Amino acid sequence: MMRRKEGGLGHRSRTTKSPASGRARLKVWVAMGSDSDLPIMQEAVRMLEEFGITAEVDVTSAHRTPEVTARLARAAEKNGFGAIIVGAGHAAHLAGVVAAHTILPVIGVPLPSSALQGLDALLATVQMPGGVPVATVAIGRSGAQNAGILAAQILATGDAGLRRRLHDYKAGLAAKVIARNRALKRAGNRPAS
Ligand code: RP5
């Protein structure tokens, strides 16, 4: 697996110790079907980095490298991952295949890489049969961003420091909206330039 740090694939990104508990902090595996998915999936990695979570990134395909995908998915739990984010486009079976091979929570990001602009990937990712859940987020960039946040929220159930960072993040979102509303009023209800 490639470890991710600022600006490229293949490197470790952050500390792996939780200062609160002293226990090894769980990482997040970010898998995608093609390197052409990376520009959107970087959003998930960016969010994980913002919360101080180590992300490891792999390109692996449900259709082109099915055995490698299965091996990586089966190894994720013992390799210290606490959640998995999977991005894929077209007939996007990757998240479901990964979920078939692990008990870790899998978050699926449908990607708009086909002529159908991600509607195909959305249905393929979200319509899992009973027993094998994939938590599916929105198509594209917002979905990738939310996948990173959701993975952080999953890990935060056992990490007080991470919970604090998520509270700060939410407070920051609210502060931005309030500031924009003030700017709108100052500009006489016209968009601020
Ligand atoms: C999917 O097919 C990938 O997730 C990607 O979104 C799409 C196209 O892949 P490339 O042909 O660009 O490798 O499996």
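Our subject is the structure that appears above.
Here the structure is a predicted model, which is why all the values come from computation and not from measurement.

## Structural notes on the overall build of the protein
Then step 1. Looking only at helices and strands, the protein features 6 helices and 6 strands.
Then step 2. The helix and strand sequence of the protein, counted from the amino end, reads β-β-α-β-α-β-α-β-α-β-α-α.
Then step 3. Burial analysis of the protein (193 residues in total) assigns 38% to the buried set.
Then step 4. The long-range fraction of contacts in the protein, counting pairs at least 24 apart against all pairs at least 6 apart in sequence, stands at 67%.

## Brief notes about the nonpolar core
One recurring pattern in soluble globular proteins: nonpolar side chains tend to sit buried together.
Then step 1. If you look at the biggest cluster of nonpolar residues, it comprises 49 residues, and the most contacted ones within it are Val30 and Ile84.
Then step 2. If sequence neighbours within four positions are ignored, isoleucine 84 has contacts with Trp29, Ala31, Ala76, Val98, Thr102, Leu104, Val106 and Ile107.

## Details of the site of the ligand
Then step 1. What surrounds the ligand is the set Met32, Gly33, Ser34, Ser36, Asp37, Ser61, Ala88, Gly89, His90, Leu111 and Ser113.
Then step 2. Considering only residue class, the shell around the ligand consists of 3 nonpolar, 7 polar and 1 charged.

## What to know about the packing of helix α5 (residues 141-156) against helix α6 (residues 160-186)
Then step 1. Interhelical geometry of α5 versus α6 gives an angle of 140° and a closest axis separation of 8 Å. The orientation of α5 relative to α6 falls into the category oblique. Judged by the sense of rotation from one axis to the other, the crossing of α5 with α6 is left-handed. The residues of α6 that touch α5, namely those facing Ala152, Gln153, Leu155 and Ala156, are Leu162, Arg163 and Leu166.
Then step 2. Within the contact of α5 with α6, the residues separate by chemical class into 5 nonpolar, 1 polar and 1 charged.

Calculation notes
- Residues numbered from 1 in each chain as written.
- Predicted model: local features only at pLDDT ≥ 70, side-chain atom pairs only at ≥ 80, totals over all residues.
- Helix = DSSP H or I, 4+ residues; strand = E, 2+ residues; numbered from the N terminus.
- Buried ≥ 20, exposed ≤ 12 C-beta atoms within 10 Å, placed from the backbone.
- Contact = placed C-beta atoms within 7 Å.
- Core = buried A, V, L, I, M, F, W, Y, C linked by C-beta atoms within 7 Å.
- Near = placed C-beta within 6 Å.
- Nonpolar A, V, L, I, M, F, W, Y, C, P; charged D, E, K, R; others polar.
- Axes fitted to C-alpha atoms, helices over the stretch in contact; angles between N-to-C directions.
- Parallel < 35°, antiparallel > 145°, perpendicular 65-115°, else oblique.
- Left-handed = near helix turned anticlockwise from the far one by under 90°.

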